[in-house]
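Structure at a glance
Single-letter residue listing:
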Amino acid sequence: MATNLTMSERADALEAQQMQELGDRIVTKSILFNLADGDQSLGNGFAVGSGQQLLMGEDPRLPKMPEKPTLLDFFKLRFSPSQAHLLQSANLAQKNGLPEKMVLACLLHDIAVNGFIRSDHGYWGAQLIEPYVDEEVSWAIRMHQCLRFFPDESVGYKYPENYVRMFGENYQPEPYIKAEYERAQKHKWYMSARMICVNDLYSFDPDVVVEMGQFEDIIGRHFKQPKEGLGNDNTPSSHMWRTLIRPCNPL
Ligand SMILES: [Fe+2]
Ligand SMILES: [Fe+2]
C-alpha cells in the first residue's frame, strides 16, 4: 500500500480489500459481541432470504493460522499485540526467583484479557489452558481473579491503587468474589495464586523491554503443546481455541 495515503484513505482501502476477500459472504457475530455494544439482537441472524452465504471457516480479515497452531502462534496471530503486561509480570516473577511453572502462570495470568473474554477473565483464562498445564498453574490463574481485590500484608500486597481509579473509591467486589476469596485462603495453593498478584505489574519500566523469547524454554517445559495443534486436539478447551481461530462461524 502506498505510504502517502492518509489514515482514513488507508482504512478505506483496507476495508475494500477485506470486502473483496469476503466475497458476498455475510459475517455473523456471536451475541456476546453484540451484548458488549448493549445490543441483544443476533445482528444478521442467519441472513435468511438474502441469497448470500455466511462466512464459515477461515476468516480472510484475520492472519492465517498454521494447521497445527501452538500457544505462541496464538500470541502472534490472534491475541492483542499489547503483551507488555504479561511479559513484564513473568519477568518480575523470574527475577523474584519463582519456580518455572509459576513464571508460566504469571506469563499466562491475563491470557483471557489479551486473547479471549475480559469479564471473569481469571476463570476463562484458567479454563483455556487447564488441559495443558500443571493443575496448580490453572488454579492460581483462576484464583487471582478474586485475590486481586484483597490485600495480604504478609507479602506486602496492597489493594491496587489503579482499582480506585478504575472502579471508584467505594467499589465492593461481588459476593461471589468474596466467597471465592474465603475458599482460596484455606487452600494449599493459596500462596501460588497470591504470587500472581504480587508479580502483577501495572506500572512498567518503559526502559525494560521483555521479549517472548525469554520464556520459550519455560513454555516448552511446562505447557503441553498438543502435537495436532491447539484446537485440533480433543480436550475440554479445544473448542475455545477453535473459536479463536474462527470467531465468526455462525454455528
Ligand atoms: Fe488479571
Ligand atoms: Fe494482570
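Everything numeric in this text was worked out from a predicted model, so none of it was measured.

1. Quick look at the overall build of the protein chain
- Secondary structure summary: the protein chain contains 13 helices and zero strands in total.
- Reading the secondary structure of the protein chain in the N-to-C direction produces α-α-α-α-α-α-α-α-α-α-α-α-α.
- Seen through its C-alpha atoms, the protein chain measures out along the principal axes to roughly 65 × 45 × 40 Å.
- When each of the 251 residues of the protein chain is scored for burial, the buried share is 28%.
- Considering only contacts in the protein chain between residues 6 or more positions apart, those separated by 24 or more positions represent 69%.

2. Considering the domain arrangement of the protein chain
- Domain annotation of the protein chain identifies domain 1 (1-61) and domain 2 (71-245).
- For domain 1 and domain 2, the distance between their C-alpha centres works out to 31 Å.

3. Regarding helix 13 (residues 238-245)
- Within helix 13 the residues assigned to the buried category are Trp241, Leu244 and Ile245. All buried residues of helix 13 lie within an arc of 105 degrees about the axis, which places them on one face of the element.
- As for helix 13, its buried residues are in contact with helix 3 (71-77) and helix 6 (111-115).

4. Observations regarding the nonpolar core
- Counting 45 residues, the largest nonpolar core has Val103, Leu104 and Ala105 as the members making the most contacts within it.
- When residues of this core are traced back to their parent elements, those giving at least two are helix 3, helix 4 (84-95), helix 5 (100-108), helix 6, helix 7 (121-129), helix 8 (135-147), helix 11 (190-198) and helix 13.
- Discounting residues that sit within four places of it in the chain, Val103 has contacts with Ala90, Ala93, Gln94, Leu98, Phe215 and Ile218.

5. Description of the packing of helix 4 against helix 5
- Between helix 4 and helix 5, the least distance of the axes is 7 Å, while the angle of their chain directions is 160 degrees. Between helix 4 and helix 5, the interaxial angle falls into the category roughly antiparallel. Here helix 4 and helix 5 pass one another in a crossing that is right-handed. Mapping the contact onto sequence places Leu86, Ser89, Ala90, Ala93 and Gln94 in helix 4 and Met102, Val103, Cys106 and Leu107 in helix 5.
- Classifying every residue of the contact of helix 4 with helix 5 gives seven nonpolar, two polar and no charged.

What counts as what
Each chain has its residues counted from 1, running along the sequence as written. Chains and ligands are labelled sequentially in the order written, the chains with letters from A and the ligands with numbers from 1. Since the coordinates come from a predicted model, pLDDT governs what is reported: local features require at least 70, and pairs of side-chain atoms require 80 or more to be given and counted, while whole-chain, interface and lining totals use all residues. A run of DSSP states H or I qualifies as a helix once it reaches four residues; a run of E qualifies as a strand once it reaches two. Both are numbered from the N-terminal end. Three exposure classes are used. Buried residues have 20 or more other C-beta atoms within 10 Å of their own C-beta, exposed residues have 12 or fewer, and partly exposed residues fall in between, all C-beta atoms being placed from the backbone. Two residues qualify as being in contact provided that their C-beta atoms, derived from the backbone, are within 7 Å of each other. These domain limits were set by an automatic method or by a database of domain assignments. To obtain the arc, one takes the directions from the helix axis to the C-beta atoms. Take the buried Ala, Val, Leu, Ile, Met, Phe, Trp, Tyr and Cys residues, join any whose C-beta atoms are within 7 Å, and the set you get is a nonpolar core. Lines fitted to the C-alpha atoms define the axes, with helices restricted to the stretch that makes contact. Angles between their N-to-C directions range from 0 to 180 degrees. Any angle from 65 to 115 degrees is called roughly perpendicular, while one under 35 is roughly parallel, one over 145 is roughly antiparallel, and all others are oblique. By definition, any crossing whose near helix is turned counterclockwise from its far helix by less than a right angle is left-handed, and any crossing with a clockwise turn is right-handed. Amino acids are sorted into nonpolar (Ala, Val, Leu, Ile, Met, Phe, Trp, Tyr, Cys and Pro), charged (Asp, Glu, Lys and Arg) and polar (every other residue, Gly among them).

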